[in-house]
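# Chains, contacts and geometry: an overview
Below are the chains, spelled out letter by letter.
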Amino acid sequence: MLNLAKMKSIYLDYAATTPTHELVVAEMQPYHACVFGNPSSLHHFGRDGKRALDLARDQLAALLNADPEEIVFTGSGTEADNFALKGVAYAQAERGRHIITSKIEHHAILESAAFLESQGWRVTYLNVDTNGVVDLDELQKALTPETVLVSIMHANNEIGTIQPVEKIAEIIRQFNLRQRSEKNSGVAASPVYFHTDAVQTAGILGVDVKKMRVDLLSVSAHKFYGPKGVGALYINKGTRISSFMHGGGQERGRRASTENVAGIAGFGKAAEIAQKERKGWAEHAAKLRDKLTEGILKTIPDSILNGHPTERLPGNVNVSIKYVEGEAMLLNLDMQGIACSTGSACSSGSLEPSHILLAIGRTHADAHSSLRFSLGRHTTEEDIDFVLEVLPKIVSRLRAMSPLYKK
Ligand SMILES: *Cc1c(COP(=O)(O)O)cnc(C)c1O
């Protein structure tokens, strides 16, 4: 029987979004009410807004080891990804029309790439191995004099696999060096740029743009306890990129629109908190992640882990539990108050399972039986114990009804 007062409520979907940190909520409060000036206005109301933007830019730059002028605030992680791909493509169209990305990127990248293909660009989608790691040999071979951008995500939102971004950056750097010495024409052609979608890692793992040697990097506030609807693109000084929001001169002319001052102030605060707390959060999540993973694989026969066994996000558990629909498990877990996600959503009208699970070689059936639990700072050991108590029962019940399941 439905009893809201008594029902447990366990949130294990931090990769979809995180609860806004209480200090972030407090930071944003004044900008919704008394500090309402337009940051572009010259009077003191405007200057107060401008100060909030400047502070947030410093805070985010510190988190990423970037310079504040290299940060452009956007309306989301999706917008930052669109900006990186389309912005570089259009700015570099005269030099070449080839882009390299991978088969397991977020839709914000894949759909932007597909759009560019429809406009005449060529896109190479790199394969990944069974753990979800990009094929570096294939990257090496895919680079051509027409290539203008490589976009490979830092860590995958579904299976948690962390990519070897520093190795990728080194391959691109070597290619650029060879190109430059072959040309010796005196014309300074712009190099192949490297973009990474770090939406799943910024504020969670160490994200250092200098160490990673990226030219562009996308982040989103709501994936690390900041507000929704605000993101940023780091753009290394000197990178040629076209704006695609035209209007006023905000963000040094790179992104027109009156700024989301409250959201950006919250984003800055989230970055400041994350810089201090993220190591503790990651250790906490990783411990519970390992407990949940081992528990599932041990107690549920015919269950397999998706993603890299060790090089993975601290809060990510993704499993395929054979002979059961992911969606059926998800809905049954939800009835017990447990919120997670799946790589297949029949009810969403799409029968195609996750492109990511297929790219790592899972069968359609195994992709349809996937569950993703993503853990965060509020996850407790009791939450994990409860999942480990409830899930095996749900699976047994569903398997008993499944014609596919033979005991
Ligand atoms: C969530 C996410 C995005 C999109 O960010 P939004 O701010 O929600 O638009 C992009 N890439 C990855 C890897 C994500 O996890």
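Residues numbered from 1 in each chain as written. Predicted model: local features only at pLDDT ≥ 70, side-chain atom pairs only at ≥ 80, totals over all residues. Heavy atoms only, no water.

## Some thoughts on the sheet that holds strand E9 (residues 303-305)
Taken in spatial order, the three strands make up an open sheet running E9-E10-E12, and their pairing is antiparallel. Of all strands in the sheet, those bounded by a partner on one side alone are E9 and strand E12 (370-374). With strand direction ignored, the average angle separating the axes of adjacent strands in the sheet is 25 degrees. Two strands pair when backbone bridges link them, and strand E10 (residues 316-321) and E12 are joined in this way by five bridges, in the antiparallel orientation. If you follow asparagine 318 over to E12, its bridge partner there is arginine 372. (Pairing = 2+ DSSP bridges. Helix = DSSP H or I, 4+ residues; strand = E, 2+ residues; numbered from the N terminus. Axes fitted to C-alpha atoms, helices over the stretch in contact; angles between N-to-C directions.)

## Considering the site of the ligand
Around the ligand sit 13 residues in total, of which Thr78, Asp197, Gln200, Ser220 and Lys223 are the nearest. A distance of 2.8 Å separates an oxygen atom of the ligand from a polar atom in the backbone of glycine 77. Threonine 78 is positioned with one of its side-chain polar atoms (N or O) 2.6 Å from an oxygen atom of the ligand. Starting from 380 Å² of accessible surface for the ligand in isolation, the protein chains cover 89%. For the shell around the ligand, the element with the most residues is helix H3 (residues 77-91), which contributes three residues. In the shell around the ligand, the residues fall into two nonpolar, eight polar and three charged. (Near = heavy atom within 4 Å. Polar contact = N/O pair within 3.5 Å; in protein donor to acceptor, adjacent residues only side chain to side chain. Areas by Shrake-Rupley, 256 points an atom, 1.4 Å probe, with all protein chains shown as cover. Nonpolar A, V, L, I, M, F, W, Y, C, P; charged D, E, K, R; others polar.)

## A look at the packing of aromatic side chains
Here the structure, examined in full by the defined rule, presents eight aromatic pairs. Here the aromatic rings of tyrosine 14 and tyrosine 225 are separated by 6.2 Å at their centres, their planes lie at 65 degrees, and the arrangement is edge-to-face. Here tyrosine 14, found in the loop between strand E1 (10-11) and helix H1 (22-32), pairs with tyrosine 225, found in the loop between strand E7 (216-220) and strand E8 (231-235); they are 211 residues apart in sequence, far enough to count as distant. Tyrosine 225 shares its class with tyrosine 14; the two are buried. (Phe/Tyr/Trp six-rings, centres within 6.5 Å; stacked < 30°, edge-to-face > 60°. Buried < 20%, exposed > 50% of the residue type's maximum accessible area, 1.4 Å probe, protein only.)

## Considerations on the side chain of serine 369
Mapping serine 369 onto the fold places it in the loop between helix H11 (364-368) and E12. By relative accessible area, which is 2% here, serine 369 ends up buried. Apart from the residues within four sequence positions on either side, serine 369 is in contact with Val319, Ser320, Ile321, Lys322, Tyr323, Val324, Glu325, Gly326 and Met329. (Contact = heavy atoms within 4.5 Å.)

## Regarding the pattern of salt bridges
Within this structure, the stated rule accounts for 16 salt bridges. Residue arginine 372 pairs with aspartate 13 through a salt bridge whose shortest N-O separation is 3.0 Å. Separated by 359 residues along the polypeptide, arginine 372 in strand E12 and aspartate 13 in the loop between E1 and H1 bring together distant segments of the chain. A residue is classified by how much of its surface remains accessible, and arginine 372, at 8% relative accessible area, is buried. Residue glutamate 381 pairs with lysine 291 through a salt bridge whose shortest N-O separation is 2.9 Å. Separated by 90 residues along the polypeptide, glutamate 381 in helix H12 (residues 381-401) and lysine 291 in helix H8 (residues 261-299) bring together distant segments of the chain. With a relative accessible area of 27%, lysine 291 lands in the partly exposed category. (Salt bridge = Lys/Arg side-chain N within 4 Å of Asp/Glu carboxyl O.)

## Considering the environment of lysine 279
Relative to the elements of secondary structure, lysine 279 occurs in helix H8. The sequence separation of lysine 279 and glycine 203 amounts to 76 residues, and the corresponding C-alpha distance is 9.3 Å.

## Points about the domain arrangement of the protein chain
For the protein chain, the assigned domains read domain 1 (10-19 + 279-400) and domain 2 (22-274). A C-alpha centroid distance of 29 Å is found between domain 1 and domain 2. Counting from both sides, the interface comprises 28 residues of domain 1 and, opposite them, 33 residues of domain 2. Taking both sides of the interface into account, the surface hidden between domain 1 and domain 2 amounts to around 2,500 Å²; carbon and sulfur atoms contribute 56%. The largest per-residue losses of area from domain 1 upon contact with domain 2 belong to Trp281, Leu313 and Ile356, which jointly make up 25% of the total buried on that side. On inspection of domain 1 and its partner domain 2, the count reaches one salt bridge. Linking glutamate 22 and arginine 377 is a salt bridge whose minimum nitrogen-to-oxygen distance equals 3.4 Å. On inspection of domain 1 and its partner domain 2, the count reaches 17 residue pairs in polar contact (both at pLDDT 80 or more). At the level of elements, H8, E10 and helix H10 (355-359) are the ones that each hand at least two residues to the side of domain 1 that touches domain 2. No other element matches the four residues that H10 contributes to the side of domain 1 that touches domain 2. (Domains from an automatic or database assignment. Buried area = accessible area lost by both parts, 1.4 Å probe.)

## Side note on the sheet that holds strand E2 (residues 71-74)
Ordered in space as E2-E8-E7-E6-E5-E3-E4, the seven strands form an open sheet in which the pairing is mixed. Strands with a single pairing partner mark the edges of an open sheet, and in this sheet they are E2 and strand E4 (122-126). When the angles between neighbouring strand axes are averaged without regard to direction, this sheet yields 20 degrees. Packing of helix H2 (residues 44-64) onto the sheet brings it into contact with E2, E7 and E8, and relative to E2 it is tilted by some 115 degrees.

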